[in-house]
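Each chain, written out:
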Amino acid sequence: MNAPSRPPVCLIDGSSYLYRAFHALPSLTSGDGRPTGALFGVANMVRRLIERYQPERIAVIFDAPGRNFRHEQYADYKANRPPMPDELRAQLEPLDELLDALGVTIVREAGVEADDVIATLTMRTRAAGQAVLISSGDKDLAQLVADGVVVEDSMQDKRFDPQAVEDKFGVPPALVGDLLALTGDSSDNIPGVEKVGPKTAAKWLKQYGSLDAVIANAGEIGGKIGENLRNALDQLPMSRSLVCLKDDLALDFSLDDLARRSPDHSRLVELLKKHGFSTWLRQIDAGGGAGDSGEDSAAADDDAEVEVEIEIVSTRNGLAGLVQALMTAELIAFDTETTSLEPLDADLVGFSFAVEPGKAWYVPLAHVDQQTEFDRDEVVEALRPVLEDADRPKLAQHAKYDLNVLRRAGVALAGVVHDSMLESYCYNATATRHDMDSLATRYLGRQTIPYEQVAGKGKNQVTFDQVAVETAAEYAGEDAEVCLALHRKLWPELKAIDGARHVYETLEIPLIEVLARMETLGVLVDRDQLGRQSAELAERLEKLEQKAWTAAGGEFNLGSPKQLQEILFERLEIPVVRKTPKGQPSTAEDVLQELAVEHELPRLILEHRQLAKLKSTYTDRLPEKIRADTGRVHTHYHQAVAATGRLSSADPNLQNIPIRTEQGRRIRKAFVAPEGWCILAADYSQIELRIMAHLSGDERLLQAFADREDIHRATAAEVFGVPLDEVTSEQRRSSKAINFGLMYGMSAWGLARQLETDRGTAGEYIDTYFARYPGVRQFMDNTRKLARSQGFVETIAGRRLWLPEINSRNRQRQQAAERAAINAPLQGTAADIIKRAMIDVDAWIETQGVDARLVMQVHDELVLEVHKDAVDEVRAGVIERMAAAAELDVELLVEAQSGRDWDSAH
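Residues numbered from 1 in each chain as written. Predicted model: local features only at pLDDT ≥ 70, side-chain atom pairs only at ≥ 80, totals over all residues. Heavy atoms only, no water.

Student: Give a description of the nonpolar core that names residues and reports values.
Tutor: F351, F353, V363, F671, Y684, M856 and L864 are the most contacted members of the largest nonpolar core, which has 173 residues in total. Here F671 is in contact with V523, L524, V525, L622, L654, I657, I679, M856, D901 and W902, once residues within four sequence places are set aside. Grouped together as the second largest cluster of nonpolar side chains are 56 residues, L144, L182, V196 and A213 included. (Core = buried A, V, L, I, M, F, W, Y, C linked by side-chain atoms within 4.5 Å. Buried < 20%, exposed > 50% of the residue type's maximum accessible area, 1.4 Å probe, protein only. Contact = heavy atoms within 4.5 Å.)

Student: Describe the packing of aromatic side chains, with residues and values.
Tutor: This structure, assessed with the given rule, holds 11 aromatic pairs. Here the basic side chain of K246 rests over the ring of F69, its NZ or CZ set 5.6 Å away from the ring centre. (Phe/Tyr/Trp six-rings, centres within 6.5 Å; stacked < 30°, edge-to-face > 60°. Lys NZ or Arg CZ within 6 Å of the ring centre and 35° of its normal.)

Student: So, the sheet that holds strand 6 (residues 158-160): which residues are in play, and what are the values?
Tutor: If you walk across this open sheet you meet the 6 strands as 3-2-1-4-5-6, and the pairing is mixed. Every other strand in the sheet has two partners, leaving strand 3 (105-108) and strand 6 as the edge strands with one partner each. Strand-to-strand, the axes of this sheet are offset by a mean angle of 25°, without reference to chain direction. As paired strands, strand 1 (residues 9-13) and strand 4 (residues 132-135) are joined by 4 bridges and run parallel to one another. (Pairing = 2+ DSSP bridges. Helix = DSSP H or I, 4+ residues; strand = E, 2+ residues; numbered from the N terminus. Axes fitted to C-alpha atoms, helices over the stretch in contact; angles between N-to-C directions.)

Student: Outline helix 17 (residues 399-408), listing residues and values.
Tutor: Within helix 17, 8 of the 10 residues are buried, which leaves it mostly tucked inside the rest of the structure. Burial in helix 17 covers these residues: A399, K400, Y401, D402, L403, N404, V405 and L406. Buried positions along helix 17 lie against strand 8 (332-338), strand 9 (348-356), strand 11 (394-396), strand 12 (416-419), helix 22 (498-521) and strand 15 (636-638). G410 lies just past helix 17 and shows a positive phi near 90°.

Student: Outline the side chain of Q397, supporting the account with residue identities and numerical values.
Tutor: Within the secondary structure layout, Q397 lies in the loop between strand 11 and helix 17. There is a polar contact of 2.5 Å between the side chain of Q397 and the side chain of S420. A polar atom in the side chain of Q397 sits 2.8 Å from the backbone oxygen of H434. Aside from chain neighbours lying at most four places away, what touches Q397 is D402, D419, S420, M421, H434, D435, M436, L439 and C483. (Polar contact = N/O pair within 3.5 Å; in protein donor to acceptor, adjacent residues only side chain to side chain.)

Pasting the structure below:
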């Protein structure tokens, strides 16, 4: 934002943020158990706003308790709003105290709402010729946006000027109230025109110019929607009055009364200690005011105000000096600047390095404006001895990217012993996102330079080689120095946790090179095979559409929920199963599955949706991802996304290729081997159930695996009380649902839905299961207790998953955390095991010269390309190493098959 001559007057919608913070943030509590989540969320947001804008005038406006003038206009106004939860109400007084200590004015005006006070103050401020910043997530306040008035939603990181309002709503700010009157507002229980959404309302307002004009021309609008409009004519003026903001309140204070006061330091410290906001307290003690997005023992206490000296290396003497400094450094933090986020296309533009706090070097290589004594090749050769020396420890943020970029530039990067992204991930996977900007904010209290600030954004964004060297150096040098600062904060914390350190050092860091190699190699995909499948799917989709039209009694858009609602529940008069939050009959997938048992049209819709997704996501999309230079698809594996430790795959996502249907499995046929090679797929058999047997120590479960029984058949025999050889396929299917459902914390209600039985019967199945496998129940009960007492659970290898909601007073959140507590050790241990297997298999291939290469990892499966002459050797070697990836009380069973393509290798 280009700051005006004076800072804007900041008007904060406290009521909006209060509820959003309460529902969005973890249920934080103080040392004596008092709730503090909403208190921390709102106060921290206000603090950040002050730091960013330094306003001279600021106020936080709350709704006053009790009814207001809108209730007099419409008795049912906000009638569907539940009362404020006690857990939230208890935080109001502490919030007032904290805001007052910050020097911020608090406003509550009886008989009106916070929005009306904000509207009035906005009008007064504009009349005084000053800019206004309204901080809120409430769409009603978009009516106030104008030149000099913006609405900023800090929780969504969105900013609305007049053009942004029109882009979002389809109408300018002056017509937002008219639009809201037409659509209604379910959250405030304001009636609108039935079945009129924002797009229809915007179309009418653009055509006629105002709500009054729409009402005057209601007779021109045809069809059912026109009829609905005419039925609502009597009520529309009232709806418009309810959404209209009062901007002429007779407030008994002036703008001068909103002047920001100096914080009351001693009182603020007292309150922060009382509520347990230790990070904020440390920052005050260190003399800084920078904000933190959460409370954490690793957060900064002295780095918030760091001045970084950045040296631009442009001479040969300077380059020699840099190399000498790197040669003698204990640890080298480095970063590469490139022309692309795709490492296979990225050309080097510059290097940045840091070896001590507060200082960094930037070496420009290919900027359009650079004036250096050397060219790119000379720099690469000068730095090669350092970069390729495995004995010189290095640190990066997301080192896998740099490794592949340097490989493309002909440099074999070695010696990466630390990665700040993975340090954060292993220390606390759920505390924050693990990109550098988020980590710097959380752990250092520093706001880093956004990429868009130096390279522009959207269509105006330039590649990094177009950025001026001076600007680039500031950005890139900061990256290297911040990376080092993050390491200095995180590493002491991480290495103090034995398990987390073990996972970091033995799994995540070694895996970087394995994944980099897999991404560079990619997997061969048969474009023609996908083309044939797309054509077949298109033909099947057309036939399904025709059948659906016949079942519906006329043509309609199968992808339109509104049209489907009308046909299913009005034309065909099928009973409504569930309604959406807006009160419309739901056509969600689980609803259609329920209806499909008795009705043809929902079944056809489900099949059409399934095939359409296969076509759009895979058979049409995958060919676009085949690189012309390799003929392969190169996915990106992400280590620091899933909290449980599982790898994720993106661009394209190869983890979610469906295999439960024949058509989904056919997509795997397009993943092929080169001539003279074959595909080998090696998969752990029922690994999470085996981990459950190990962790629970249940004797029956351990014995079933020891006897190599079909575990689902064995469970069915126990649950249904029948001999093993008399278990039916239906009973086995039910026991499979029980086995996996309990691992994921499925309730009797959830199991009943999956088995299509009643809740009582499902409950009996669960009770019988636990009676037969008491060790499993004891493991689950003990895990819940342990999670509640220590706030986290761990995998066998020591990966730690923090559960901030495990003691939440919100029962729904607490139950979700309990389910995660049970599942995380199982799924996380499975993730650790296959990562160990990948590292071991890759090392075997690389060191022994095995004629094979890893090309994919999908859930519990490794996929390799193997030379046809080495298939038997590789199959045996892969099975041996996968089976030895962990020592459990049960055998790790690995199944491995080979074939011309991925599908035939199963």
